Amino acid sequence: MATQLLMAKSPAEAAGSKTASAAFIAGGTEVNRLGSEVPAQAETLISLKKCSGLGQIEKVEKGIKIGSMCTFQQIVESEIVPDYLKEAALFMASRTKRNMATIGGNIAALRSDSYLLPTLFAVCARVEVLTPDGKQDDICVNSYKEASEAGKDMLITAVIVPDNVKVVSKRYSNTAQSHAVLTMSAAALEKGFTLAGAIKNCGIYRFKGFEEMVRENPDISEEEAIAFFKGADSLKISEDMFGSEAYKRYLLGVTAYDFCRKLAGKEV
Amino acid sequence: MDKQYKVVHCTINGKKVERIVDVRASLTDMLRNDFRLTSVKKGCEVGECGACTVIIDGEGFNSCIYLAVWAEGKEIWTLEGLIGPGGELSDIQQAFIDEGAIQCGFCTPGFIMTSWEIVNSGKEYTDDELRKALSGHLCRCTGYENIFRAVKKTMLRHLGKFEEAEKVNSQGITEYPEPMPFK
Amino acid sequence: MSKKYIGQAVTRHDAHDKAMGRIKYTDDMCDKGALVIRVLHSTVANGIVKKIDTAEAEKVPGVVRVFTCFDLKEKHYFPTAGHPWSTDPHHQDICDRLIMTDRPLFYGDDIGAVVAEDEVAASQALRILEKSVEYEELPFVLDAQEAMEEGAPLLHENYPNNVLAHTEIHMGSVEEAIKEPGLTKVEGWYETQPVQHCHIENFICYAYGEGDRTVVVSSTQIPHIVRRVIGQATGMDWGKFRVIKPYVGGGFGNKQDVLYEPLTAWISIQLGGRLVKLDVPREETFICNRIRHAIRYHITSWMRPDGSFAARTFKAWCNNGAYSSHGHAIAAKGLNAFPQLYPCDNIDGETWTVYTNRSVAGAMRGYGMPQASYAFECHAEDCARAMKMDPLEFRRKNLMPVGYYHAFSKNELYSDTFNQCFDKGAEIIGYYDKVRKYANQTGDIRRGIAVSTFWYNTAVYPIALETSSCRIVMNQDGSVQFQLGETEIGQGADTAAAQMIADTLGIPFDMVHPVSCQDTDVTPFGTGVYASRGTYTLGFSIRQTALLLKEKVLEAAHQFTRMPVYNLDLVDGIIVRTTDGRELMTIGELALAKLYTTDGSQHLTAESTYQIKSNAYSFGCCFAEVEVDIPMCRVRLLNIVNVHDCGQVINPILASGQVHGGQSMGIGYALSEKLLWDEKTGRPLNNNLLDYKMSSFMDHPRLVADFVENYEPTSAYGTKGLGEPPACPVAPAIRNAIGQATGLYINELPLSPHTLFREFTDAGLINDPWAEENK
């Protein structure tokens, strides 16, 4: 249980202080929860609240750059953040939590019921990171996930999302405030159709196999979509209190099909 | 490791204060224990029930998952702060009373704080937006029905729409609403 | 008696202070110097504690003492149910709990406690302590019927096959009746799930020494019962304890059990009377307080061609968890209701209450009737469909008729309540139009509408003692304070009581002040609030006591006005000469004169006890309209209308608030709530508000509450139970509406998307790539 707190004043100080026994704390909605694993393991928390320069939203060449300490509510209220990201931010039903939770925190938590990650995956968002040795980098959100899971210490400083992209998203939960069993997003990017999802107790994925199938045959049927996810053996989905394996795979299939239709301009 | 403490300077209900707090203490604990602001309730301590909501720099926060040290330099309002010097209630508090929106009262302070933010935003929320804006609060007594009416009426009055406010179903037995349209 | 305040939507007396945030709940009253208790809970579902090494935990800075089950030198087994005591040992609640146990029977059982100077130290020590417990693990059983099988782990020695109780009823002869030709047999299994009360204020109490006694301040519905049980649990005289009940942040039946008051009092005593506080975290509230019983039902009916019942059978298995708590009372209530709601000459019914290694089930809003109503009303719907009758007409035909008399409880249905409620509800929601419109839909999005009713009776007579005591004390200005054993827990009992007193005594409402917080040292004896008994039972003692006081007032008025008492009355605060209506003096003038007169000074007070020997049916209905998105397996509740007959409505705004709350709880019960345990370890899976979710603001449609008011003839003020009934009919109404929309009538709860997915798949309603495998 953490007993020490470092109020970092700059991103460099925060990133430089990150060790195995320390954890970042951004908005607090994850770390300050009872039962959260983070404070149980860490001795020191590095608070990012007072870090300068992490709270801006601005238009840049590649799209919209959102500082990692921007809250969900700031995203919702921003005039330049694209609507699809606002929709994802609104999946967090509690306004008081939206006032606290940050985009960086939601990415870093890598929760399998993440609000934002499916959308960020679908639009191939870029993540700007700072390593403990002061190195800056700009990596895609998928690479961030892989590096983070491999135990690499990084501080997210900003997220860059494209604007003018058509995106559809959906979140399935028992009540408006329950953990999602599944959150999915699809986008029509220049390079084609993308599909991503966060499956509770399973993980966050880009479904590249499905994307290829759609590129080859944009007019896939609902049966084909359902059959794809039924047979997607690489997804290790198990039965838990959020639903049976069959239920989750079914939801993946019908939602993917629904997205294909919507992005093709055919409302279901 | 030994506990670490820090001094926090902030403004609470309009008064400048400073306190030494454990760096891991929540704002709820600081407000309840150090300032005896007991309207700030503990219901879940995971940011789910909203009973501990306070206004920080104009926005509602779950104080149970907000570190006390983050309050440095902030302006904080709790329900106690909405009351006038002669004990006068704000209109949103009065509306909760008038509309029967209070039962056990444990969720009430949190609900009123978020509602206060809503009605003072100058924005007109649709019914769906209102529900969404209030959905960070759990209540087991009221089914939210009378709370919804109290907030909506007060919001409309703030916007100068007094007639419309009176048309929001009267207290007690409610009129039957128009059925929702097919999607 | 005039009805000036009864029936009026007066503002509840505590609303103003609650809106100001200055009402004191238990934690708000406790001194911040209190030592903090955290309970050490079992992490096995069934086992024996072999050893607890406390050395490391005691080293944590700030830890004051660590207690384990081995420190309990005297074992006083005690009951926990908030039932009135019975002087007949055979009717007393089962004593099967200890303050701490070395024989944990469920994951979360209490095996020790840490006392520390603050929360952080207590939590740290607890985490260390959890790891230093050695168990001998034993096999466990989570399902009621499995627990009854031969060879299942036995929880309590004196209860073979884990059966806490088994009762039967038999009327006529089912065997003979089903020989009648032309009968249609309808049969179904109905399964309900465990849920929790989720009052927003968790259970909390604190204790400290005062003289040679211990004071316990607790968030409870039943202070006088708590005092008795602490006495039983500690083996000390009951009078050695004083229990204080401050304002309570919701109870719903969970706080109708004695929870951690005995442990907290015991610890304070061990520490020489130091102030100790136990604030139960939400996670522990879910599994270490009480939950709603999961009950499995099997019902069979044999129907005649005209849609009447020839014979019926009923079986129920009630999962009681590891300790008795309310024992068989909850299952028995359902069994008792079965032959009454849809009377039939030939009935066989039996029910088992069974111990299992799960969290302890106790009272929860409806006391077994939300479960039973689900089974009864799903089955009624199934019968109506089998007979191709309109479900509403089927109910009108078969429900308890006007004039029905129940010999045991002496209850009688005096008015045509069911039909009046149906008529009103049907009109409000537009039932007849919609039920036709929604018949035979096709397509992915479909709508349905349905109705459901329930059986409920007020209070606990004749099963247990019904008594209420009231004290009214007059001040110098003629205003009064009153005290009752019936507690205010948010429902508005104090305000309703004040309205009654104002009318009976004859003084203005704002001159009647409730003493809202009970204190067993000063509050007249009462058993608390439960069984929707509040307004019914307190009405009797209030009326009797207010009339006693009025008698004294008029006698005093005689002294100062010289008029005979029979020519005087007290009307809205004025002593009136009834012969000509002249106002002689105000109650303020009288009270002042009587207190300070040098000729027979008297403090005007009255106090009395009324033992209630009656009970009243309290019925109503719920209409629900839903929209089902079949491919997405989702239900959207569009409209819900409850209509109740609680007799005279004392306060319409408080009464509709009760209905809204019951509807809300019913919505969660129907669509989303379920406590889960891991089948492999017996560990609870979702005991927090993140994973277990009650319906939030966005999950609610507009809630519509309405009433029909048939004055209850047995009641002091024509009123009867309303607290629990609204929660009873909601889930079956929603289930039946989903049935009307989709043709699928699902016999389990909750009707969450993943339940619907399974049912829709099995029925071929949705694209089913698993069909082959399922075969």
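### Here's the deal with the overall build of chain A
Broken down by element type, chain A carries 11 helices and 12 strands. Expected size for 268 residues packed as a compact globule is a radius of gyration near 18 Å; at 18 Å, chain A falls within 12% of this value. Projected onto its principal axes, the C-alpha coordinates of chain A cover approximately 55 × 40 × 35 Å. Residues counted as buried form 61% of the 268 residues belonging to chain A. Considering only contacts within chain A whose residues lie at least 6 apart along the sequence, 57% involve residues at least 24 apart. Distance between charge centres in chain A, computed from 32 positive and 33 negative side chains, equals 3 Å.

### Regarding empty space enclosed by the protein
Residues and elements named next belong to chain C. With the rule as written, the count across this model stands at eight cavities of 30 Å³ or more. Estimates place the volume of the largest cavity at around 600 Å³. Lining the largest cavity are 39 residues; nearest its centre among them are Q491, S532, Q658, L722 and G723. Among the elements of the structure, α15 (493–506), α16 (534–561) and α18 (652–671) are those that each provide at least two residues to the lining of the largest cavity. Broken down by element, the lining of the largest cavity gets its largest block of residues, three residues, from α18.

### Some points on the packing of helix α3 (residues 108–119) of chain B against helix α5 (residues 145–158) of chain B
Residue and element names in this part refer to chain B. Contact pair α3 / α5: the axes reach a minimum separation of 9 Å and the direction vectors enclose 30°. Our classification of the angle between α3 and α5 gives roughly parallel. Taken as a pair, α3 and α5 cross one another with a handedness that is right-handed. Listed contacts from α5 to F111, S115, I118 and V119 of α3 are I147, V151, T154, M155 and H158. A class-by-class count of the residues in the contact of α3 with α5 yields six nonpolar, three polar and no charged.

### Describing the interface of chain A and chain C
It is common to give the size of an interface as the accessible area that goes away when the parts come together. Facing 27 residues of chain A, the contacting portion of chain C comprises 30 residues. Here chain A meets chain C over a buried area of about 2700 Å², counting both sides, of which 64% is carbon and sulfur. Summed over the shared surface of chain A and chain C, the result is zero salt bridges. Where chain A meets chain C, there are four residue pairs in polar contact (both at pLDDT 80 or more). Listed by contribution, the elements that provide at least two residues to the side of chain A that touches chain C are β9 (166–173), α10 (222–230) and α11 (245–263) of chain A.

### Some words on the nonpolar core
A:L195, A:F210, B:F96, C:I267 and C:F623 are the most contacted members of the largest nonpolar core, which totals 240 residues. Broken down by element, this core gets its largest block of residues, 10 residues, from α11(A). Excluding residues within four positions of it along the chain, A:F210 makes contact with A:F193, A:L195, A:I220, A:A225, A:F228, A:F229, A:A256 and A:C260. Residues C:I472, C:Y536, C:L554 and C:L604 belong to the second largest nonpolar core, which totals 45 residues.

### What to know about the pattern of salt bridges
Counted by the stated rule, this structure contains 71 salt bridges over all chains. The shortest N-O distance in the salt bridge between C:E381 and C:R395 comes to 3.0 Å. In this pair, C:E381 is assigned in helix α11 (residues 369–386) and C:R395 in helix α12 (residues 391–398), connecting sequence segments 14 residues apart. One exposure class covers both C:E381 and C:R395, and it is buried. Residues joined by salt bridges that share partners form a network here, namely B:R32, B:K41, C:D27, C:D28 and C:K277.

### Description of the environment of C:S601
Residues and elements named next belong to chain C. Locating S601 in the fold gives a position in the loop between α17 (587–596) and β25 (605–611). As a C-alpha pair, S601 and A556 span 45 residues in sequence and 9.8 Å in three-dimensional space. Setting aside its immediate chain neighbours within four residues, S601 contacts K594 and L595. Engagement of the side chain of S601 in a polar contact is seen with the backbone oxygen of L595, the distance being 2.7 Å.

### As for the interface of chain C and chain B
Counting residues at the interface gives 69 residues for chain C, matched by 60 residues for chain B. Interface area lost by chain C to chain B is led by C:I200, C:F697 and C:R702, which between them contribute 16%. Taken together, the links from chain C to chain B amount to six salt bridges. Joining chain C to chain B, the criterion identifies 23 residue pairs in polar contact (both at pLDDT 80 or more). Of all elements in the fold, only α1 (15–20), α2 (26–29), α9 (282–288), α13 (417–429), β26 (619–629), β27 (634–645), α18 and β28 (703–707) of chain C reach the threshold of two or more residues within the side of chain C that touches chain B. Its residues placed into classes, the side of chain C that touches chain B shows 30 nonpolar, 19 polar and 20 charged.

### Digging into the packing of aromatic side chains
Counted under the stated rule, the structure contains 38 aromatic pairs over all chains. With a centroid separation of 5.4 Å and 85° between ring planes, the pair formed by B:Y66 and B:W70 is classed as edge-to-face. You'll find B:Y66 and B:W70 in the same group, each marked buried. Here the basic side chain of A:K49 rests over the ring of B:W70, its NZ or CZ set 4.2 Å away from the ring centre.

### Some details on the domain arrangement of chain C
Residues and elements named next belong to chain C. Each assigned domain of chain C is listed here: domain 1 (15–21 + 467–611), domain 2 (31–138 + 197–288) and domain 3 (390–460 + 615–762). A separation of 38 Å is found between the C-alpha centroids of domain 1 and domain 3. Counting residues at the interface gives 18 residues for domain 1 and 23 residues for domain 3. Counting the surface lost from both domain 1 and domain 3, the interface buries some 1500 Å², and carbon and sulfur atoms represent 60% of this. On the domain 1 side of the contact with domain 3, A531, S532 and Y536 bury the most area, a combined 42% of that side's loss. Counting across the domain 1 and domain 3 interface gives zero salt bridges. The interface formed by domain 1 and domain 3 holds nine residue pairs in polar contact (both at pLDDT 80 or more) in total. Counting residues per element, the side of domain 1 that touches domain 3 draws most heavily on α16, which supplies seven residues.

The rules behind each value
- Residues numbered from 1 in each chain as written.
- Chains lettered and ligands numbered in written order.
- Predicted model: local features only at pLDDT ≥ 70, side-chain atom pairs only at ≥ 80, totals over all residues.
- Heavy atoms only, no water.
- Helix = DSSP H or I, 4+ residues; strand = E, 2+ residues; numbered from the N terminus.
- Rg over C-alpha atoms; globule rule 2.2 N^0.38 Å.
- Buried < 20%, exposed > 50% of the residue type's maximum accessible area, 1.4 Å probe, protein only.
- Contact = heavy atoms within 4.5 Å.
- Lys, Arg positive; Asp, Glu negative; His and termini not counted.
- Charge placed at Lys NZ, Arg CZ, Asp CG, Glu CD.
- 1 Å grid on protein atoms, 1.4 Å probe; cavity = no way out; pocket = protein on both sides within 12 Å on 5 of 7 lines; lining within 4 Å.
- Points joined across faces, edges and corners; volume = space filled by probe spheres on them.
- Axes fitted to C-alpha atoms, helices over the stretch in contact; angles between N-to-C directions.
- Parallel < 35°, antiparallel > 145°, perpendicular 65-115°, else oblique.
- Left-handed = near helix turned anticlockwise from the far one by under 90°.
- Nonpolar A, V, L, I, M, F, W, Y, C, P; charged D, E, K, R; others polar.
- Buried area = accessible area lost by both parts, 1.4 Å probe.
- Salt bridge = Lys/Arg side-chain N within 4 Å of Asp/Glu carboxyl O.
- Polar contact = N/O pair within 3.5 Å; in protein donor to acceptor, adjacent residues only side chain to side chain.
- Core = buried A, V, L, I, M, F, W, Y, C linked by side-chain atoms within 4.5 Å.
- Phe/Tyr/Trp six-rings, centres within 6.5 Å; stacked < 30°, edge-to-face > 60°.
- Lys NZ or Arg CZ within 6 Å of the ring centre and 35° of its normal.
- Domains from an automatic or database assignment.

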